[in-house]
Amino acid sequence: ADFGEFDRVLAIGLVHHLDDPAAVNLFTLAQQALRPGGKLITLDGVFTPNQSWLVKRLLKSDRGKHVRTESEYLALARGSFRQVETFVSADLFRIPYTTLIMECTFLDDRKPVSAARAGCHIHLDELLLYANDTWDDGEWTARRKLLPAF
């Protein structure tokens, strides 16, 4: 792998398939692969308080046997990333399912991010707009806008 060369690492629907040591390894490798200012984006099922019995049942039936709470995912991510933003959504999919999106930013105080590189980023709201597509006349169309290039 080309460590320190990437702006983004995506782990969509992956972390809940990994036990804690493997997940820690994923976060460590992702952090090493990122340039300063780079981001790891994850999207996984999550247990939340007051979830319906159906959502809990779907999460427990997932092939990934390591669905966690938000705080458990955060504890794993913060071992490698000082800055972690989270967003929990219950309406990304047409089925009842609760999803956690994490944006983990690699901060390296020794290597400042240039102004040009700082302009190349993706925000959680843009990722959610992309993920929250709707089926319309047999084609996928975004509700508001497409995910910007990154």
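Now for a quick tour of the structure. In this text the structure is predicted, and so the values were computed from the model without any measurement.

## Some details on the overall build of the protein
- Helix and strand counts for the protein come out as 5 helices and 7 strands.
- The order of helices and strands in the protein, counted from the N terminus, is β-α-β-α-β-α-β-β-α-α-β-β.
- Residues counted as buried form 38% of the 150 residues belonging to the protein.
- Across the protein, every contact between residues at least 6 apart in sequence was considered, and the portion connecting residues at least 24 apart equals 67%.
- Surface summary for the protein: the accessible area is close to 9000 Å², and the carbon and sulfur share equals 54%.

## Focus on helix α1 (residues 20–33)
- The end-to-end C-alpha distance of α1 is 20 Å, a good match for the 20 Å that 14 residues give at a rise of 1.5 Å each.
- Looking at the buried side of α1, the elements it contacts are β1 (6–12), β2 (34–47), β3 (68–69), α3 (70–77) and β5 (99–105).
- Where α1 starts, the residue carrying a side-chain oxygen 3.0 Å from the main-chain nitrogen of Ala-22 turns out to be Asp-19.

## Quick notes on α3
- Of all the positions in α3, only Tyr-73, Leu-74, Leu-76 and Ala-77 are classed as buried. What you see down the axis of α3 is that its buried residues fit within an arc of 160°, all on one side. For α3, the exposed residues lying more than 90 degrees away from the buried face are Ser-71 and Ala-75.

## Quick look at a nonpolar patch on the surface
- Judged by side-chain polarity, Trp-53, Leu-54, Leu-58, Phe-93 and Ile-95 come together as a nonpolar surface patch covering roughly 520 Å² of accessible area.
- Within the secondary structure, Phe-93 is located in the loop between β4 (83–89) and β5.
- In this structure Phe-93 comes out as partly exposed when scored by relative accessible area, which is 41%.

## As for the pattern of salt bridges
- Scanning the model with the defined rule gives 4 salt bridges in all.
- The salt bridge partner of Arg-35 is Glu-5, with a shortest N-O separation of 3.6 Å. One end of the pair, Arg-35, is in strand β2; the other, Glu-5, is in the segment before β1, with 30 residues separating them in the sequence.
- Put simply, Asp-7 and Arg-35 hold a salt bridge, and the shortest N to O gap is 3.8 Å. Of the two residues, Asp-7 is situated in strand β1 and Arg-35 in strand β2; the sequence distance between them amounts to 28 residues.
- Each of Glu-5, Asp-7 and Arg-35 takes part in a single network of salt bridges with overlapping partners.

## A word on the packing of aromatic side chains
- In total, this model carries 1 aromatic pair according to the counting rule given.
- With centroids separated by 6.1 Å and ring planes inclined at 80°, the aromatic side chains of Phe-93 and Tyr-97 adopt a geometry described as edge-to-face.

The rules behind each value
- Residues numbered from 1 in each chain as written.
- Predicted model: local features only at pLDDT ≥ 70, side-chain atom pairs only at ≥ 80, totals over all residues.
- Heavy atoms only, no water.
- Helix = DSSP H or I, 4+ residues; strand = E, 2+ residues; numbered from the N terminus.
- Buried < 20%, exposed > 50% of the residue type's maximum accessible area, 1.4 Å probe, protein only.
- Contact = heavy atoms within 4.5 Å.
- Areas by Shrake-Rupley, 256 points an atom, 1.4 Å probe, with all protein chains shown as cover.
- Expected span 1.5 Å × (residues − 1).
- Polar contact = N/O pair within 3.5 Å; in protein donor to acceptor, adjacent residues only side chain to side chain.
- Arc of directions from axis to C-beta.
- Patch = residues over 30% accessible without salt bridge, like charges linked within 9 Å, V, L, I, M, F, W, Y side chains within 5 Å.
- Salt bridge = Lys/Arg side-chain N within 4 Å of Asp/Glu carboxyl O.
- Phe/Tyr/Trp six-rings, centres within 6.5 Å; stacked < 30°, edge-to-face > 60°.

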